[in-house]
Amino acid sequence: MKIGYARVSTLEQNLDLQKDALKKAGCQKIFSDNASGAKSERPGLEKALDYVREGDCLVVWRLDRLGRSLKHLISVIDDLEKRGVGFISLQEGFDTTTSGGKLIFQIFGALAEFERNLIRERTMAGLKAARARGRCGGRKKKLSPEQVKSMKKMAEANRHSIKEICRTFGITKPTFYAYKERWSNG
């Protein structure tokens with residue numbers, strides 16, 4: 001059975017074009033959403049994905065109607081494939097029920113993995129370059145080295161409660177304990 005899914009991004013847009021194309025393609029049931037592609041909550045898509053069964057085929061008018069991103073699109077199609085559900089995109093002629101369609105899907109998957117690897121490599125190179133310039137990642141320290149010394153003296157003197165020390169330096173208890181762990185270990 002062919003199950004259709006249609007989506008428009010704004011209330012001003014109309015689903016008729018997509019629904020007509022899905023009916024013409026033989027969809028017996030059509031689910032729809034009126035939501036931006038960037039939104040993760042799309043009840044129509046969730047219902048369509050719950051409705052399809054092994055041997056069914058989910059049909060969309062265009063690929064961008066289904067996925068928020070390439071990664072999301074591949075994830076949805078991969079899940080469908082694992083469940084024995086085909087996928088067709090009418091405008092792109094993409095059909096995972098054919099060997100050519102499966103090949104295209106695998107190419108998309110390889111491209112998405114390549115993109116993730118490039119991002120990771122650029123991030124690692126950026127961190128390495130920053131470290132070479134003497135910069136470390138992470139949040140800027142709340143207290144100066146002098147303040148940490150003063151705080152340590154106050155804590156070791158046992159004349160002030162942790163609450164008082166935190167109030168004095170404008171920090172929280174978890175921050176105090178993080179500093180304490182650093183001066184205890186090193």
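Before any of the text, the structure's been laid out above.
Now for a quick tour of the structure. Because the structure is a prediction, the values reported are computed rather than measured.

## What about the state of the cysteines?
Following the criterion strictly, the structure yields zero disulfides and no others. Cys57 supplies the cysteine sulfur nearest to Cys27, a cysteine that is in no disulfide, at a spacing of 8.0 Å.

## Quick look at the packing of helix α6 (residues 162-169) against helix α7 (residues 173-185)
Look at α6 against α7: their axes get within 9 Å of each other, and the N-to-C directions meet at 95°. The angle between α6 and α7 places the two elements in the roughly perpendicular class. Here Ile162, Ile165 and Cys166 of α6 come into contact with α7, specifically with Lys173, Phe176 and Tyr177. Partitioned by chemical class, the residues of the contact of α6 with α7 number five nonpolar, no polar and one charged.

## A look at the pattern of salt bridges
The full count for this structure, using the stated rule, is four salt bridges. Here Arg65 makes a salt bridge to Asp64, at a shortest N to O gap of 3.2 Å. Here Lys82 and Asp78 are joined by a salt bridge, their closest N and O atoms 3.4 Å apart. In this pair, Lys82 and Asp78 both sit in helix α3 (residues 70-82), four residues apart, roughly one turn of the helix. Here the salt bridges share partners, and the residues they tie into one network are Arg62, Asp64 and Arg65.

About the thresholds
Residues numbered from 1 in each chain as written. Predicted model: local features only at pLDDT ≥ 70, side-chain atom pairs only at ≥ 80, totals over all residues. Heavy atoms only, no water. Disulfide = S-S within 2.5 Å. Axes fitted to C-alpha atoms, helices over the stretch in contact; angles between N-to-C directions. Helix = DSSP H or I, 4+ residues; strand = E, 2+ residues; numbered from the N terminus. Parallel < 35°, antiparallel > 145°, perpendicular 65-115°, else oblique. Contact = heavy atoms within 4.5 Å. Nonpolar A, V, L, I, M, F, W, Y, C, P; charged D, E, K, R; others polar. Salt bridge = Lys/Arg side-chain N within 4 Å of Asp/Glu carboxyl O.

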